Structures are given as C-alpha cells and as structure tokens.
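Overview (structure and organization)
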Amino acid sequence: VSESSLDLDALQALTLNLFSKMEGAVTATLIHLGGQLGLYRALAEGAATSEALATRTGLHERWVREWLYNQAAANLIEVDTSTPGHEVFSIGPEATALFADEHHPAYGLGWFTSLPTTIGVAPKLIDSFRTGLGHPYDVFGCCGALGIEMSLTPWNEANVVPVVLPMLDGVVERLSAGTNVADIGCGTGSVALSLARAFPNSRITGYDISVHALERAEQRLADESITNVAFKDPRTDPLPQDGSVGLVCTFDSMHDMAHPTAMASIIRRALADDGTWLMVEIKGLTTFAENVSRNPMASMLYGASVLTCLSSSMSEPSGEGLGTLGLHEAAARELATRTGFSQFRRLKIDHPANAFYEIRP
Ligand SMILES: C[S@@+](CC[C@H](N)C(=O)[O-])C[C@H]1O[C@@H](n2cnc3c(N)ncnc32)[C@H](O)[C@@H]1O
C-alpha cells in the first residue's frame, strides 16, 4: 500500500475498530475466568477491595486486582476510585442477575462457559473453508454441551412451561391428559426434563446426535425420580413415523441440522394430524442488510455461526448450511409449507434472541 493512497483518519478509525474486537475477545476471556473462579458470585456478596475479594475467594490478590481492573475498565463492574491503590469494586442487582445468578432468566455468563473450547476449534475450520465440511457439536466435547445447557436453560426453565406452552392452542390440556412428546435437538435435556416434571401423564423423548449431550442428559435424569422421559440418538432410534406424537419441540436446533428439510418431513410423519410443532429459532431477519442494520448483535451472530451453527449444519455432505440466522420467519414458514404443514403462527413472546412458532398440519 502506498502512503499517498491512505486516508489517515479512516486508517485510525479502522484501527480503533480492529482493536475494539481484540478488547472484546480479551475481556470475554476474563469474563470466562471470572465465572469459573466464582469472582462475580463473591462480588455479589458486597463491595470489596482486591484484598477483600482475594480473601473471600481464596485467590491470589495480585491476580484478582488485575482482573478487577479489566472488568471495571470495561464498565462491567462498578468502582469507587476515591482512594487510589485501594479501589472499592461492586456489582449492582442487574449485574448480579447477569453474572452471578445462574437461575435468573437473564443470566448471561453461560455463553462464556465454553468460550475457550468454542474458539479452540478455529484451526480445524481452516480445512472447513477449503472442503465445505464442518463439524457437529461433539467437536466441542462435554464442555460444549455443558456450555449450551448453562446458556439456554435459565430462560427456558423460567418460561417454557408457565409462559410458552399456554400460548399454544390446546397443548397444555393435551399434555396434562397424556401424550407423546419429542424434543428434537434436546441437548442435555433441560426442556425435556421440565416437560416431564410438569406433565407426569405424558411421555417425553429427547433426541440428539451429540454423544456428549446425551450422556449429560442421562446423568441429569439419574439425579431425578421421574420415569416419563428417555433420551435417544435418532440415527439409531428414529422417531416414530405413525402420527403418534402429540407435540414436537425443536429448541434452537433446526438451523443446526445438516438436513432440516428431511427432519421437517420426519416431524410431519411423527405428528398426529391434530398435533403441534413448537419451533424455537433465532430471531433473524430475512436479508443480510436487515440483520446488519437492525440487530446490534449481527456480527457476533454471524461469527458464532461460523464457529458453531454453520459448522454443524455443514457437518454432513450436502448439508443445507442454514447457519445461525438462516431460519428466519420467512424461511421457517416456507420450510413448514414445503413439508406438509398448513398452519403457521408466530407467538407474541418477548425473548432477547429467539422467535417462537406454532406449526400444525
Ligand atoms: C444449540 S443446541 C440446542 C440444545 C437444546 N435444544 C437446548 O435448548 O438446550 C442444538 C442441538 O441440536 C443438535 N443437533 C444437530 N443436528 C441434529 C440432528 N440431525 N438431530 C438431532 N439433534 C441434532 C446438536 O447436537 C445440539 O445439541
């Protein structure tokens, strides 16, 4: 590049933009460490100097102090700097919900649990860009399955049974009376277990192709006394194709599948003619331009797609490759129509990232 061709203001602005991404990556790594080390939970107990927080957590003060400086500089936690060298750090109720209370529906730290593992697949993706072939979720090991569980479970546990299901026509009555339910792409089983607890007359089957997710789901089931739930790999234990299922759920999983069209047809054949498919998908918009102009998280979502969702949806030959934002409302409606469903309704549910669709034959 010749010096005379450079607009120095534009160069400076782009440099700032470039390193703001590095700031995000480095701070995200420290958020991960804060979660693993219990630093946010300890801070939620009350304002503290680095010495007090180190004592509270049993950690080394010098490391805790640098972590606190990073977190305060990134405006994630609050700091009183009136006595230099003896700063007092704190978090308010909102930060406590977001960083320290893993049962709160707003809890956001789950997404950081498996961050190093997620980013760690980057070397494998070099080849994916060349061959087109991605990786299923098992590439992230058991830590990946746990990370998804910690990310999606808080909102789902607080809302699926009490808020979402009552919005579906006749579904709570049907589940209370007893029906067969299939949760496809069930991960470690959070939704399947919630349904099984709430509706003892129904039989819930969670399906997933991830060995790590299924192992963890079985472990969680072993800790409970419920008997109306089972977990299966649909490649060896396929869904029934005889209209015997009253409710199918797909929570954040259709866009991850290599062959979502084939799966939608399987779902149609599994469902009773008066059954319901609850499809939960990422709240994408129809075009790239709309996503970029209206979703401040668009770059993060396209990036996460390359690391996880697109990779999973390209993990088999001729994968459809929907990616994170690929199953937006228009695409979901079209998929349902193409595979034999005639009713499609978006539910009025306020979720930060997801849209909810009631789909019926
Ligand atoms: C983002 S996770 C969602 C997990 C779960 N529904 C939850 O809410 O915690 C997507 C899941 O879809 C699973 N998956 C991908 N392709 C699948 C397929 N063809 N059949 C069943 N599950 C699949 C992945 O293994 C992964 O566990």
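Since the structure is predicted, the reported quantities are computational estimates derived from the model, not experimental observations.

A separate point is the site of the ligand. Around the ligand lies a shell of 16 residues, among which Gly185, Asp208, Phe251, Asp252 and Asp256 are the nearest. Contacts to the ligand include Gly185, whose backbone N or O atom sits 2.6 Å from a nitrogen atom. A total of 600 Å² of accessible area belongs to the ligand in isolation, and the protein chains cover 92% of it. Residue contributions to the shell around the ligand peak at three residues, all from helix α9 (residues 141–164). The residue inventory of the shell around the ligand, partitioned by class, reads eight nonpolar, five polar and three charged.

Moving on: the sheet that holds strand β5 (residues 229–232). In a beta sheet, neighbouring strands pair by backbone hydrogen bonds and run either parallel or antiparallel. The strand order across the open sheet formed by seven strands is β5-β4-β3-β6-β7-β9-β8, and the pairing between neighbours is mixed. The sheet is open, and its two borders are formed by β5 and β8 (343–346), each paired with just one other strand. Ignoring which end each strand starts from, the neighbouring axes of this sheet average 20° apart. The pairing of strand β4 (residues 203–207) with β5 spans four bridges and is parallel. Across the sheet, residue Tyr207 finds its bridge partner in β5, namely Lys232.

In the structure shown here, the tally under the stated rule is 15 salt bridges. Arg197 is the partner of Glu224 in a salt bridge, and the nearest nitrogen-oxygen pair spans 2.7 Å. In this pair, Glu224 sits in the loop between α12 (211–222) and β5 while Arg197 sits in helix α11 (residues 190–198), placing the two residues 27 residues apart along the sequence. The salt bridge partner of Arg235 is Asp233, with a shortest N-O separation of 2.8 Å.

What follows deals with helix α13 (residues 260–270). Three or more residues of α13 are buried, namely Pro260, Thr261, Met263, Ala264, Ile267, Arg268 and Ala270. Against β3 (180–184), β6 (245–251), β7 (271–282) and α16 (329–338) lie the buried residues of α13.

Running from N to C, helix α1 (residues 8–36) and helix α4 (residues 61–73) point in directions that differ by 125°, and their axes come no closer than 10 Å. Here α4 runs oblique to α1, going by the angle between their axes. Handedness of the α1/α4 crossing: left-handed. Across from Thr27, Leu30, Ile31 and Gly34 in α1, the residues of α4 making contact are Trp67, Asn70 and Gln71.

Before going further, it helps to examine the packing of aromatic side chains. For the structure on display, the rule yields eight aromatic pairs. Aromatic side chains Trp277 and Phe341 sit 5.3 Å apart centroid to centroid with 50° between the ring planes, which places their arrangement in the tilted category. Linking Trp277 in strand β7 with Phe341 in the loop between α16 and β8, this pair joins segments that are 64 residues apart in sequence. Judged by relative accessible area, which is 0%, Trp277 ranks as buried. With centroids separated by 5.6 Å and ring planes inclined at 50°, the aromatic side chains of Phe288 and Tyr302 adopt a geometry described as tilted. On the criterion of sequence distance, the pair formed by Phe288 in helix α14 (residues 288–294) and Tyr302 in helix α15 (residues 298–313) is long-range, its members being 14 residues apart.

Our next topic: helix α3 (residues 50–57). Each full turn of the α-helix corresponds to 3.6 residues, which orients residues three or four apart in the same direction. Inspection of α3 places Ser50, Leu53 and Ala54 among the buried residues, and these make up the whole buried set. Looking straight down α3, one finds its buried side chains confined to an arc of 100°; they lie on one side. Elements in contact with the buried residues of α3: α2 (39–44), α4 and β2 (88–90). Once α3 ends, the next one or two residues include Gly58, with phi positive near 70°.

By the secondary structure assignment, Thr131 is in helix α8 (residues 122–131). A residue is classified by how much of its surface remains accessible, and Thr131, at 56% relative accessible area, is exposed. When the C-alpha atoms of Thr131 and Asn228 are compared, they prove to be 43 Å apart, with 97 residues separating the residues in sequence. Reaching out from Thr131, the side chain makes a polar contact with the backbone nitrogen of Leu133 at a distance of 3.1 Å.

Another aspect to go through is unusual backbone geometry. Most peptide bonds adopt trans geometry, and most residues besides glycine take a negative phi value. Positive phi, normally seen in glycine, also occurs at Asp252, with a value near 55°. Along the chain, Asp252 falls in the loop between β6 and α13. Although it is not a glycine, Ser318 sits at a positive phi angle of roughly 55°. Along the polypeptide, Ser318 turns up in the loop between α15 and α16. A relative accessible area of 65% means that Ser318 is categorised as exposed.

Reading guide: rules and limits
Residues numbered from 1 in each chain as written. Predicted model: local features only at pLDDT ≥ 70, side-chain atom pairs only at ≥ 80, totals over all residues. Heavy atoms only, no water. Near = heavy atom within 4 Å. Polar contact = N/O pair within 3.5 Å; in protein donor to acceptor, adjacent residues only side chain to side chain. Areas by Shrake-Rupley, 256 points an atom, 1.4 Å probe, with all protein chains shown as cover. Helix = DSSP H or I, 4+ residues; strand = E, 2+ residues; numbered from the N terminus. Nonpolar A, V, L, I, M, F, W, Y, C, P; charged D, E, K, R; others polar. Pairing = 2+ DSSP bridges. Axes fitted to C-alpha atoms, helices over the stretch in contact; angles between N-to-C directions. Salt bridge = Lys/Arg side-chain N within 4 Å of Asp/Glu carboxyl O. Buried < 20%, exposed > 50% of the residue type's maximum accessible area, 1.4 Å probe, protein only. Contact = heavy atoms within 4.5 Å. Parallel < 35°, antiparallel > 145°, perpendicular 65-115°, else oblique. Left-handed = near helix turned anticlockwise from the far one by under 90°. Phe/Tyr/Trp six-rings, centres within 6.5 Å; stacked < 30°, edge-to-face > 60°. Arc of directions from axis to C-beta.

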